[in-house]
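Coordinate analysis (summary)
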Amino acid sequence: MTRQFLPRNQKFVPIEAADLSDRRNVMSLLMSIRLVDLSTLPSGVIEGFLHLLQTMLSQMGHQIIMFVPQFTSIVLALCSMAAGGAGSSAGQTEHDSEIVARAPNDLVGRYSSIRSLGYQLLSELFGRFCAAVDFSDFVLPTWTALERSVQLLPEMVMNTEKPPSILILFETMSADWRLIKMLAAHDAAVESVIRCISGTSLVPVVNSSLTFVENLLTVFDPSSESKRAGLQMIRKYIPLLLEQFTLRLQNGSDNDKDIRPTKGKYWSRSSNRHSTWRRELDILCRVSELLSNEDGIRLKHKSSVLADLFSLLLPFLKPEQMTSDDDKMNIIGILRSTVSQLEKEKMADVFSSIAGILAPARGKAGIESLVVRHGVASLADSIAIEDSQYRMVADRLVKLTAMHTKRVDEMDFDVVIPELSALSQPGGNSGWINLCGNVDFSPPLLNPLISTCFQFLHNGDGVILRLSFNSLKLLIRLAAQKSTCDGGSKWAKLVESAVVPLARAGLQARDQSVRRYYILLIREISDSFKKNPSPNLCGDLHVLIDEENPDLDFFLNITHVQIHRRARGFQRLRKVVGEAVAESKVSPFSLQSLSNILLPIALHPVYECKTKAEEPFALEAIATVGSISRLLSWSKYNNMLWTMLTHFERYPEQERFLIGAICATIDGFGYDLTIAGGDDKQNVNDDGEGGDTKTSVWISLEKRTIPKIEGLLTKETKDSSGRRTKTIRPTIILALLKLFQKFPTEFFESKLPQLLSVICDALRDKDSNARDVARKTLAKMVVSMDLKYLADVLREVAITLTEGYKLHVRAAVIHTILQELSKTYEPSFANIPHPLYFDSCTAALMELIQEDLFGEANERRESKDTSVRFVKEAGGSKSLDSIEMVCRMVAFKPLDASKSSPNRSSVHCIVSPLLERLRRHDVEASTIRKIRQILTRVVVGFSCNSSVRAGQLFPFVYATIEPFVGAQTIAAAQRIQEDDDEDSDVEDSLRPIQISGARTGRDKSATESSGKGKVTEWRPSTLKAATSSEAALKLKRDDTRELHKVIDGASAPKLTGSSRHDTSNLGSQHDLNDPASISAVIFGLNLLNSCLKKLNLLDDSMPSMMDPFVPLLTACVCCSRDSEVALVGLKCLMSFLRFDLPSIASCSKSLGTQALTLLTSSGSSLNQSPDLMQACFRTLTYLIKSDEDPSAKLNKDGDILVEGEHVLAKNKRLPLNSDQMKVLISTLQLSVAESDQHNPALGLIKAILSRKYISPEMYDLMEAMLKLVVRSHTTALRHVSAQTRPWVVFHHTAVLTLSGNAASYSKALQFLFVTY
């Protein structure tokens, strides 16, 4: 490269081989380099030279000191060329700029790299050799080469991650007094470096700039009288330096989110301030020394600069700043030394700022260091020296912050306590009023003393605390008195601007004992300024004060030591709010009082209550938060809700109460989400055409609040085995659901699937407790929603829970949902325009329930395999309970069903699947028993259904029973045998009762034509017994085939519909006495019997609907061998026999005969079922009474004529003939004597006596009744027997008989009871 700087005709000789004179010539030649020579060099050669020189400097160090001037000249020439050729050196020609412009393109493109390397080399050369080499000859070339870069430096450092090389060069030059003299030749560089201290600069740049300024302030020059080399340069740019610091401190926290990565680290503008503020503070302190020095700087606008300095330094004294006590004392010293040079207006601002420094910060104690507080008071004293109006307040302030002279870090109680006592005394020469002795005195000057008294409320000494509290109370009362006088508005303004803000901030205190005094101060302000209209003076809270009854005073209750009294305070507050809102629909308190006073008081228990005893208090507070949230503005409401959401992760131990507060707040949401019209809002509809538009409330909830709440729907927990699981927060889900319901339907329907998905995911959890919570939450969701979304819930449950133990969980979920719905939902019978959403879900419910009862879930439940996991949801009879609850809640309208759409009737959706299973020819006995159990629960459900009406019930029951009974059986029950004579009747009635199951040689056709039912008697020894070896072999094969046949569950054959054409004949495969038919008939009869008890049957249209049931029920009683069918049939008939129905006459004889047969089938009455026996007696009673002739025959004396048995035998309307009457009377005699159930028998006896029936058996019955009058141990039986008055009948028969019976009666009266 040196070859380029030698003449063309000179021979190149290595510098090491040249003699001394030649060497000097070469070195002098290198000191005058032309740009024309440099422009001919390739960029690679230049960069390689610079890199080589850099390596040589680092390796050889001072060994090349003799060549430093030449290297410096070359580097400066290269920097001048890279800077654009604007006058590189002293020997440069006027055409050099044109030569540089004609440089190769590759060289021009590498100018930036050349400049950077050149500045780095200059920094190393200056820093390493400044003490040994005089660089004063290079001052002009240096600034000529750097001039353009100096001008662009502030723009170059914006958002750069590394300081540029020229800034590093200046930092190096500022570190030595010799190089500082070079900087003095071009002080524009100082200005450019100071401008690099800005809000847009990152940490490395700011640190380098601060180092430059610090060096100028601290580097000493031994050759100068000032001893500081760069002091004069800094003095010139102090205003600029203060301005840059001001901009930096003001804008440092505006872009906290601007984070830039650099080498694994992240620099942010907010972190810039926090990482460099201490150095900035140190520089400001040094600058303030220059300003305070009278012999130092002389500024044209010195007062404005000092004002800026104070505005910068005072914030560092505030308690919330992370400034050490030593730094604060340094700042105080600076301020004390410069405050005297401020203008009076600026002094007043500084004095008012002192109040904020001494005051508590956000409910916490302020500056706790006594040294710092005394220093701040000394600053106020310094201001008082300049302005006498501050003298009295400053003296009092200094005394209140006095420190003990002999004890470290302890206040002087001998000075502080007397001063506080003087402030708390109404009279005296040292009180608040005396501090205002000056006519022109302004009450706001008391702010430092007020702040000090508030700070003492956080003091642990009880005397100091109480004296401070009393002093503030006295000030409030005096201000209230002064405010009523002329010109007293300043005192009210003092309380409003100084006392109230500090009292409100003190409500944030976490210490309950400290917060108590703040609450009582609020009470004092409210009581003193109750007539003041200003909302900031809390006059509206006066309604919560009760001087006469402290138990009703909210403030006294909420600060009481007993926790139940504090809870009573919240109750009192809610009562006042509720009564006021109910009367006037307007909040009784201002927005300021609600958000700044009452709400903070109510929120504290949410964060502080931790014990079980405090739980009621916390719940009262949560309820109060909900009441207050309904009265807040949207901004306050949104801020409160967001604060609690952000605190949720910070207070995990208070999760329960925080969730309660969040839910109470969400429940109190009542703001408009849409507005009609408007062009500046977002349209609710996606197409943006017409309709309402979204408000800012909607947008804020959708974009910010709702996503935050959705993040709290679940939480991660650990089970006993350490496995991480997710559990739901049910209250958050329910509260969010209520919030969604306040949105339009489209928004709600878009958010509902997410909530259902969260719940269903929790239902799949293996933890049973988590499933229980999810199940109950889902049930509460269904209750709170419109029932039209029940189908969505069932669909989600059916899709999610499809296998294994989840099937049992699904059944439990349905049971819980129905259980919750049954508490609030009532079926409607009226014809309503909107659909019955619950009824429309009946088919889906029954499908899920049947899958649990007959499907895979049932197989798992009944399986004996140990590998099948058992869950607690599998226990119990949840599906049976579910069916019962469904039957209670559906609208009982079976007539709405039609052949085209049978699903319109929810009743058919419930009953038809069960009956279809009974009609199957291959139905098993176990399935029949299960279906019979299910049908029993269906009956219970329908009987409790309030929508059941007779007009719907009778046709449904008839259509249900009739196919299983058969029309032929019903017609046979109505057939009246008019041609039978008396002997045949007697023969039929006296024919012995046959037992079913006994094989006789009687013809089968005769048995079928008789039409008479037999009581079933099962004989296990003969049941399914084979009559021959061939039959036994066939029976064995059939049993084996049936054993291996799968008929139910998931493995059952799929219904392909191949036998759909034969389904109409399935019902004919069963007769009335088949177990399946019996189950269906019992269902219908039980449903009819249970509903007849509560139906109104006195309507005129009832007889026409009841009449068809008499033959049907008669057929059931006479033709069924099942005793339960006969019993329930008789119970239903007793309700119909009370009416004069046409079909009773045709069925009475069959009913009477069958009833008598049932009574005599088991011999003694003790062997008979009591219910069946009573039913038979009552049926006969109704039948005999219904045949009674209303017009009785009278003889000529007016006595009733007695009809003999021959008259009764010829009456065709009577249910029994004479022989059957004899059997009946004998049965009655045995029943009365043996059975405890004698009331139905006695009723039948009365009915027979009412017919004036006389026969020999009747005499025996009367004789037995006479004995029971005296001998029966049952009081009721004796009274009833006496009321029959049999002697009236005997009086009409024969006197002799009467006399004989009278003797018997007299003999019976002599009977004495033996008492054991």
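Residues numbered from 1 in each chain as written. Predicted model: local features only at pLDDT ≥ 70, side-chain atom pairs only at ≥ 80, totals over all residues. Heavy atoms only, no water.

**Quick look at the side chain of Thr624**
Mapped onto the secondary structure, Thr624 falls in helix H29 (residues 615-629). Looking at Thr624, the relative accessible area reads 1%, which means it is buried. (Helix = DSSP H or I, 4+ residues; strand = E, 2+ residues; numbered from the N terminus. Buried < 20%, exposed > 50% of the residue type's maximum accessible area, 1.4 Å probe, protein only.)

**Section: the packing of helix H44 (residues 950-965) against helix H49 (residues 1075-1092)**
Where H44 meets H49, the axes come as close as 9 Å, and the angle between the chain directions of the two elements is 160 degrees. Judged by the inter-axis angle, H44 sits roughly antiparallel to H49. Like other packed secondary-structure pairs, H44 and H49 cross with a definite hand, here left-handed. Contact residues: H44 offers Leu953, Phe954, Phe956, Val957, Thr960, Ile961, Phe964 and Val965, while H49 offers Ser1077, Ala1080, Val1081, Phe1083, Gly1084, Leu1085, Leu1087, Leu1088, Cys1091 and Leu1092. Its residues assigned to classes, the contact of H44 with H49 shows 15 nonpolar, three polar and no charged. (Axes fitted to C-alpha atoms, helices over the stretch in contact; angles between N-to-C directions. Parallel < 35°, antiparallel > 145°, perpendicular 65-115°, else oblique. Left-handed = near helix turned anticlockwise from the far one by under 90°. Contact = heavy atoms within 4.5 Å. Nonpolar A, V, L, I, M, F, W, Y, C, P; charged D, E, K, R; others polar.)

**Considering a positive patch on the surface**
Residues Arg362, Lys364, Arg510 and Arg650 make up a contiguous surface patch of positive charge. By the element assignment, Lys364 lies in the loop between helix H18 (344-358) and helix H19 (370-386). (Patch = residues over 30% accessible without salt bridge, like charges linked within 9 Å, V, L, I, M, F, W, Y side chains within 5 Å. Areas by Shrake-Rupley, 256 points an atom, 1.4 Å probe, with all protein chains shown as cover. Salt bridge = Lys/Arg side-chain N within 4 Å of Asp/Glu carboxyl O. Lys, Arg positive; Asp, Glu negative; His and termini not counted. Charge placed at Lys NZ, Arg CZ, Asp CG, Glu CD.)

**With respect to the packing of aromatic side chains**
A full pass over the atoms with the stated rule returns 28 aromatic pairs. Here the aromatic rings of Phe67 and Phe71 are separated by 6.3 Å at their centres, their planes lie at 45 degrees, and the arrangement is tilted. Taking 5.7 Å as the distance between ring centres and 85 degrees as the angle between the ring planes, the aromatic pair formed by Tyr958 and Phe1109 counts as edge-to-face. Here Tyr958, found in helix H44, pairs with Phe1109, found in helix H51 (residues 1109-1119); they are 151 residues apart in sequence, far enough to count as distant. Since its relative accessible area comes to 26%, Tyr958 is described here as partly exposed. Looking at Phe1109, the relative accessible area reads 1%, which means it is buried. Members of the aromatic cluster, joined through ring pairs, are Trp634, Tyr637, Phe669 and Tyr671. We note Arg704 situated over the ring of Trp642; from NZ or CZ to the ring centre the distance is 3.9 Å. Residue placement shows Lys708 over the ring face of Trp642; its charged tip is 5.9 Å from the ring centre. (Phe/Tyr/Trp six-rings, centres within 6.5 Å; stacked < 30°, edge-to-face > 60°. Lys NZ or Arg CZ within 6 Å of the ring centre and 35° of its normal.)

**Quick look at the pairing of strand E6 (residues 724-728)**
Bridge analysis of strand E5 (residues 714-718) against E6 gives five bridges, and the strand direction is antiparallel. Across the sheet, Lys715 pairs through a bridge with Thr727, a residue of E6. (Pairing = 2+ DSSP bridges.)

**Thoughts on helix H24 (residues 489-506)**
Compared with an ideal rise of 1.5 Å per residue, which puts 18 residues at 26 Å, H24 spans 25 Å between its outermost C-alpha atoms and is within 8% of the ideal. Along H24, the positions that sit buried rather than exposed are Trp491, Ala492, Leu494, Val495, Ala498, Val499, Val500, Leu502, Ala503, Arg504 and Gly506. Packed against the buried residues of H24 are helix H22 (447-456), helix H23 (462-483), helix H25 (512-528) and helix H28 (591-608). (Expected span 1.5 Å × (residues − 1).)

**Points about the packing of helix H9 (residues 165-173) against helix H12 (residues 203-218)**
Direction vectors running N to C along H9 and H12 enclose 25 degrees, while the axes themselves pass 8 Å from each other. Between H9 and H12, the angle is such that the two are roughly parallel. Handedness of the crossing formed by H9 with H12: left-handed. Taking contact as the criterion, the partners of Leu167, Phe170 and Glu171 in H9 are, on H12, Val205, Ser208, Ser209, Thr211, Phe212 and Asn215. Considered class by class, the residues forming the contact of H9 with H12 number four nonpolar, four polar and one charged.

**Points about unusual backbone geometry**
A positive phi angle, near 55 degrees, is found at Arg362, a position not held by glycine. With respect to the secondary-structure elements, Arg362 resides in the loop between H18 and H19.

**Overview of the nonpolar core**
Ranked by internal contacts, the top residues of the largest apolar core, which has 371 residues, are Phe170, Trp432, Ile450, Phe954 and Leu1224. For Phe170, the contacting residues outside a window of four places in its chain are Trp143, Leu146, Val150, Leu153, Leu183, Ala189, Val193 and Phe212. (Core = buried A, V, L, I, M, F, W, Y, C linked by side-chain atoms within 4.5 Å.)

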